[in-house]
Amino acid sequence: MLAMATRAVSKPAIPSERSAAPGTAAPKPVVAIVGRPNVGKSSLFNRLIGQRRAIVEDVPGTTRDRLYGEVEWAGRTFTLIDTGGLELAPPDSLAASIAAQVRLAIEEADIILLATDSVEGLTAADEEIAQQLRAGTFAAGRSKPVIVVPGKADNAQRRDAAAEFYALGFEEVIPVSAYHGSNIGDLLDAIVQALPPLPPEAEVEVERIKVTIVGRPNVGKSSLLNRLLGEERVVVSEAPGTTRDAIDTVIEHDGRQFLLIDTAGIRRRGRIEPGIEKYSVLRALRAIERADVALLVVDATEFLAAQDLHIAGEIERAGKGIVLVVNKWDLVEKDSTTQQQYQQEIARQLNFMPWVPVVFISALTGQRVGRVLDEAVAVQAERQKRIPTAQLNEAIGRALEAHAPPARKGRPIKIYYATQVEVTPPTFLFFMNDPQLVHFSLERFLENTLRQAFGFRGTPIRLHFRARRPAAAPGAQRG
Ligand code: GDP
């Protein structure tokens, strides 16, 4: 029983694609409730947790459920354990049951709540538990904060009487009523105060930028990959396990980690059969789906082919960041204006995505290869950018004043208010008189306005429109 509880609690969080670097994920602090039977531990538990969040785990052979749950308070999150579930463990003695609770709390918890009963007052059993907690934490080599929580303190008289629990020798005594909810906020404040400090920001989540290299055959994808693997520190290779031979590689550049997605797919060499070609396109699309930023590699000696534009469109549709990598720059005969001419030609061809950054490299010589990752970092930052609502509406208001959108179908277009509702990619919601009136040129105008004011270089942005009457608009009327 005890082992089971311990296992369940220390189970790592569900790994997400945006995972912390190994060893740096901050484990959630644990708060355990201990106390003799019938003092109201499970009512306290339910009150602290709110029923919604409780993870109920059936334990065979008992008449009640074990409960673990997460509590969020004042910006902190902790796991709460009701060790009281041990009470009904197979017919152990009460003493053994309490000893097990205390052991569990000392092993697992950062903070211990010692539940008592303000109606019955201080009992010998409470003193016994307090004694065990002191001895146990002493033996464990570090004292843990213990907050004494006299329950059933439904009125002022009982709250005053609860002062007797200071005799247990712990500094904090917070009488509560789980039934009325009184003092629960104070208790949560005290818990959050006593929680171990958060590790420094960087350690909470070392974000790995997920990058994929895409492009037509023979443009130099695997050459670029090999350059990156050769020049940057390779941290690990890992198989995500979906496709058996899809291998991701983690590299480090300038102190940042990058997850290169499906490096096996990029390495695939040789003549490509028509059937395989289709497979590799599908594979590239999946890689784009998993990535934050796609590096679209093109061949400098060929400019952009229809297929390049097609891939660029797919990246845009997927809402991912994009860096256009013009490779084989060593093969181009250059004078002082060549790069500029290329830039202009690319801008002309990619006219539906004028915001894409371009890097000219040679995977063969290694020229500017590091720049590719620098650009990926910059693009990811743009994808994650949040614009404060006031600034957003100021920029849009100014643009609309300068260029009022022409009426459509005889009706004026009125945009009242906008707000950013999402990042990755940045997504904006516009409240207006009638979304039916929105047309391509208005969208273009608004997108250009946002990009001029706030950048978003290398990332698609999304605009949504919703009808709202001006009276309901929270901001000043525009349009
Ligand atoms: P992939 O099919 O896109 O992975 O392309 P590869 O990396 O296999 O490269 C295709 C061919 O182009 C190979 O013969 C490479 O040696 C050559 N190549 C790749 N990058 C460069 C470059 O920057 N300059 C030159 N001159 N050749 C390159």
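Please refer to the structure placed before this passage.
The model shown is predicted, which means the values in this text are computed figures rather than measured ones.

Novice: Describe the pairing of strand β8 (residues 209-214), and please don't skip the residues or the numbers.
Specialist: Two faces, one strand: in a regular strand the side chains alternate between the faces of the sheet. Among the six residues that make up β8, six are buried, leaving the element largely enclosed by the rest of the structure. Of the two faces of β8, the one holding Ile209, Val211 and Ile213 and the one holding Lys210, Thr212 and Val214 are both buried throughout. As paired elements, β8 and strand β11 (residues 256-260) share three bridges and run parallel to each other. Residue valine 211 lies in a different strand from β11, and its bridge partner there is leucine 260.

Novice: Break down the sheet that holds strand β17 (residues 462-467) for me, with residues and values.
Specialist: Note: strands within a sheet are paired through backbone hydrogen bonds, in either parallel or antiparallel orientation. On the basis of which strands lie adjacent, the open sheet formed by three strands has the order β15-β16-β17 and mixed pairing. Sheet topology places β15 (415-422) and β17 at the edges, where each strand pairs with a single neighbour. Strand-to-strand twist of the sheet, defined as the mean angle between neighbouring strand axes without regard to direction, takes the value 25 degrees. Inspection of the sheet shows strand β16 (residues 427-432) paired to β17 by six bridges, in the parallel sense. Following the sheet pairing, phenylalanine 431 is matched in β17 by arginine 466. Strands β15, β16 and β17 of the sheet are contacted by helix α15 (residues 440-454), whose axis makes an angle of about 120 degrees with β17.

Novice: Which residues make up the site of the ligand, and what are the values?
Specialist: By nearness alone, 16 residues border the ligand, and Asn218, Lys221, Ser222, Ser223 and Asp330 come closest of all. A distance of 3.3 Å is found between an oxygen atom of the ligand and a backbone nitrogen or oxygen belonging to valine 219. Contact with the protein chains covers 79% of the free accessible surface of the ligand, which is 580 Å². In terms of residue count, the dominant contributor to the shell around the ligand is helix α8 (residues 221-231) (three residues). When grouped by side-chain class, the residues that make up the shell around the ligand number five nonpolar, six polar and five charged.

Novice: With reference to specific residues and values, describe the nonpolar core.
Specialist: Counting 25 residues, the largest nonpolar core has Ile213, Leu224, Leu295 and Val325 as the members making the most contacts within it. Secondary-structure elements contributing two or more residues to this core are β8, α8, β11, β12 (293-299), β13 (321-327) and α13 (369-383). The greatest single-element share of this core, amounting to five residues, is contributed by α13. In this structure leucine 224 touches Ile213, Val297, Val325, Ile361, Ala363 and Val369, once residues within four positions along its chain are discounted. Judged by nonpolar contacts, the second largest core, of 24 residues, contains Leu44, Phe78, Leu80 and Ile184.

Novice: Give me the pattern of salt bridges: which residues, what numbers.
Specialist: Considering all chains together, one arrives at 18 salt bridges under this definition. The shortest N-O distance in the salt bridge between glutamate 316 and arginine 462 comes to 3.3 Å. Of this pair, glutamate 316 sits in helix α11 (residues 306-317) while arginine 462 sits in strand β17, placing them 146 residues apart in sequence. Judged by relative accessible area, glutamate 316 falls into the partly exposed class, the value being 25%. Aspartate 434 is the salt-bridge partner of arginine 411, the closest N and O atoms lying 2.8 Å from each other. Highlighted residues: arginine 411 in the loop between α14 (389-402) and β15 and aspartate 434 in the loop between β16 and α15, separated in sequence by 23 residues. Judged by its relative accessible area of 37%, arginine 411 is partly exposed. Overall, aspartate 434 belongs to the buried group, its relative accessible area being 15%.

About the thresholds
- Residues numbered from 1 in each chain as written.
- Predicted model: local features only at pLDDT ≥ 70, side-chain atom pairs only at ≥ 80, totals over all residues.
- Heavy atoms only, no water.
- Buried < 20%, exposed > 50% of the residue type's maximum accessible area, 1.4 Å probe, protein only.
- Helix = DSSP H or I, 4+ residues; strand = E, 2+ residues; numbered from the N terminus.
- Pairing = 2+ DSSP bridges.
- Axes fitted to C-alpha atoms, helices over the stretch in contact; angles between N-to-C directions.
- Contact = heavy atoms within 4.5 Å.
- Near = heavy atom within 4 Å.
- Polar contact = N/O pair within 3.5 Å; in protein donor to acceptor, adjacent residues only side chain to side chain.
- Areas by Shrake-Rupley, 256 points an atom, 1.4 Å probe, with all protein chains shown as cover.
- Nonpolar A, V, L, I, M, F, W, Y, C, P; charged D, E, K, R; others polar.
- Core = buried A, V, L, I, M, F, W, Y, C linked by side-chain atoms within 4.5 Å.
- Salt bridge = Lys/Arg side-chain N within 4 Å of Asp/Glu carboxyl O.

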